[in-house]
Amino acid sequence: MPTYLNADLHCHSVVSDGTLTPEALAVRARGKGVDLWALTDHDEIGGLHRARAAAQAQGMAFLTGVEISVTFASETVHIVGLGFDADDPRMADGLNATRGGRGNRAMEMAEQLAQVGIANAYEGALKYVGNPALISRTHFARFLVETGVCKDTSEVFRKYLIEGKPGFVPHRWATLGDAVRWITQGGGVAVIAHPARYRLSANEEFALFSEFKEHGGQAVEVVTGSHSVPEYATYAAMAQDFGLAASRGSDFHSPDESHTDLGDLPALPSSVTPVWELLADRIILPNA
Ligand code: AMP
Ligand code: MN
Ligand code: MN
Ligand code: MN
């Protein structure tokens, strides 16, 4: 079993809300020293064949990936899947159902923005969309920056598109159990993405971890671009308490927007089991 010193198992391409192609991401990841890479587009696996070929061309080990939107305790939670069979129709069908409704949601978001004087946001957001099935809040955020309404996307996500602010439209995503099953039925490992980002009470967080485990989830992101340094320790301890392996990923979206570049993260704490140790037979080695 090779040791991976720089695994980056979370990032986004133009197939969801990133700004780089799968090929450009692979080149950038390799250039940053990544030696095990996964592409994890939101609710989409349409970039995985391209990503796999690009990883091979770069001589970089590869895992299939996805980041599934889930509704849990009225909050949106993200579950990353790694190492599943990308040709399993149960995954494709499930994601297809989850994506449905994004178009109507986007039109409602634009209506709300129009009411506060921001016209043509739907058309404006669409210009940034690489995949018509996956219009997301990120694409609206880019439009609001382009038009000077906000100076950057983080200002957008303070003033707009979040609960209680203009442009927020609640949405029912997949259930936790369904998301975990789509991943595990295809031989993959399910991972709770960036747990520190959710606005869950301590009881709700305990329920998330417990129910995730009961459904067959096996890992949690510990070192991610979405966590602070103290949060690495908090979730390394949670991983141990719940008997979960740990994952590491930048959550890179764009050279212009992302604070954490591909592979630009500290190592996992030595107390945790790296998730790739559970995925030895699912890793696609270069030249395989
Ligand atoms: P959606 O799936 O349409 O609800 O969009 C969610 C996406 O919005 C996330 O995957 C992020 O890319 C982006 N996002 C959410 N909150 C923030 C934030 N505070 N700062 C920057 N991007 C954010
Ligand atoms: Mn995103
Ligand atoms: Mn996420
Ligand atoms: Mn992400």
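The paragraphs below set out a description of the structure included in this document. (Residues numbered from 1 in each chain as written. Chains lettered and ligands numbered in written order. Predicted model: local features only at pLDDT ≥ 70, side-chain atom pairs only at ≥ 80, totals over all residues. Heavy atoms only, no water.)

**Focus: the site of ligand 1**
The full set of residues close to ligand 1 is Asp17, His42, Arg102, Arg105, Ser136, Arg137, Thr138, Phe157 and His253. Within the side chain of His42, an N or O atom sits 2.7 Å from an oxygen atom of ligand 1. Secondary structure elements with two or more residues in the shell around ligand 1: helix H4 (102-115) and helix H6 (137-146). Of the residues contributing to the shell around ligand 1, the split by class is one nonpolar, four polar and four charged. Domain assignment of the residues forming the shell around ligand 1 places at least three in each of domain 1 (7-98 + 172-277) and domain 2 (102-159). (Near = heavy atom within 4 Å. Polar contact = N/O pair within 3.5 Å; in protein donor to acceptor, adjacent residues only side chain to side chain. Helix = DSSP H or I, 4+ residues; strand = E, 2+ residues; numbered from the N terminus. Nonpolar A, V, L, I, M, F, W, Y, C, P; charged D, E, K, R; others polar. Domains from an automatic or database assignment.)

**A short note on the pattern of salt bridges**
Here the structure, examined in full by the defined rule, presents 14 salt bridges. Note that Lys32 is salt-bridged to Asp261, the shortest N-O span being 3.5 Å. Of the two residues, Lys32 sits in the loop between helix H1 (22-31) and strand E2 (36-38) while Asp261 sits in the segment after strand E8 (245-249), which places them 229 residues apart along the sequence. By relative accessible area, which is 41% here, Lys32 ends up partly exposed. Residue Asp261 is classed as buried on the basis of its relative accessible area, which comes to 12%. (Salt bridge = Lys/Arg side-chain N within 4 Å of Asp/Glu carboxyl O. Buried < 20%, exposed > 50% of the residue type's maximum accessible area, 1.4 Å probe, protein only.)

**A word on the coordination of the manganese ion (ligand 2)**
Within the first shell, the manganese ion (ligand 2) binds the protein through Asp17 (OD), His42 (NE2) and His253 (NE2), at distances of 2.2 Å. Linear spacing of the donor residues for the manganese ion (ligand 2) on their chain is D-x24-H-x210-H. A separation of 5.8 Å is found between the manganese ion (ligand 2) and the manganese ion (ligand 3). With His42 in the loop between E2 and helix H2 (48-58) and His253 in the segment after E8, this pair connects stretches of sequence that are 211 residues apart. Using a relative accessible area of 8% as the deciding quantity, one classes His42 as buried. A residue is classified by how much of its surface remains accessible, and His253, at 15% relative accessible area, is buried. (Donors = N, O, S within 2.8 Å, 3.2 Å for Na, K, Ca; no water.)

**Topic: the nonpolar core**
Counting 73 residues, the largest nonpolar core has Trp37 and Ile68 as the members making the most contacts within it. Here the element with the most residues in this core is helix H10 (residues 229-242); it accounts for six residues. The residues contacting Ile68, other than those within four sequence positions of it, are Asp43, Val77, His78, Ile79, Met91, Leu95, Ala174, Ala179, Trp182 and Ile183. Counting 18 residues, the second-largest nonpolar core is a separate cluster that includes Met109, Ala141, Phe143 and Cys150. (Core = buried A, V, L, I, M, F, W, Y, C linked by side-chain atoms within 4.5 Å. Contact = heavy atoms within 4.5 Å.)

**Considering the packing of aromatic side chains**
Tallying each qualifying case throughout the model produces four aromatic pairs. Relative to Phe62, the ring of Trp37 lies with its centre 5.7 Å away and its plane at 55 degrees, an arrangement referred to as tilted. Of the two residues, Trp37 sits in strand E2 while Phe62 sits in strand E3 (residues 61-63), which places them 25 residues apart along the sequence. Comparing Trp37 with Phe62 shows no difference in burial state: the two are buried. Ring centres 6.4 Å apart and planes at 20 degrees place the aromatic pair Phe209 and Tyr235 in the stacked group. Of the two residues, Phe209 sits in helix H9 (residues 202-214) while Tyr235 sits in helix H10, which places them 26 residues apart along the sequence. Taking the relative accessible area as the measure of exposure, Phe209 reaches 0% and is therefore buried. Here Tyr235 falls in the buried class, since its relative accessible area comes to 7%. Grouped by ring-pair contacts, the aromatic residues Phe206, Phe209, Tyr235 and Phe242 constitute a single cluster. (Phe/Tyr/Trp six-rings, centres within 6.5 Å; stacked < 30°, edge-to-face > 60°.)

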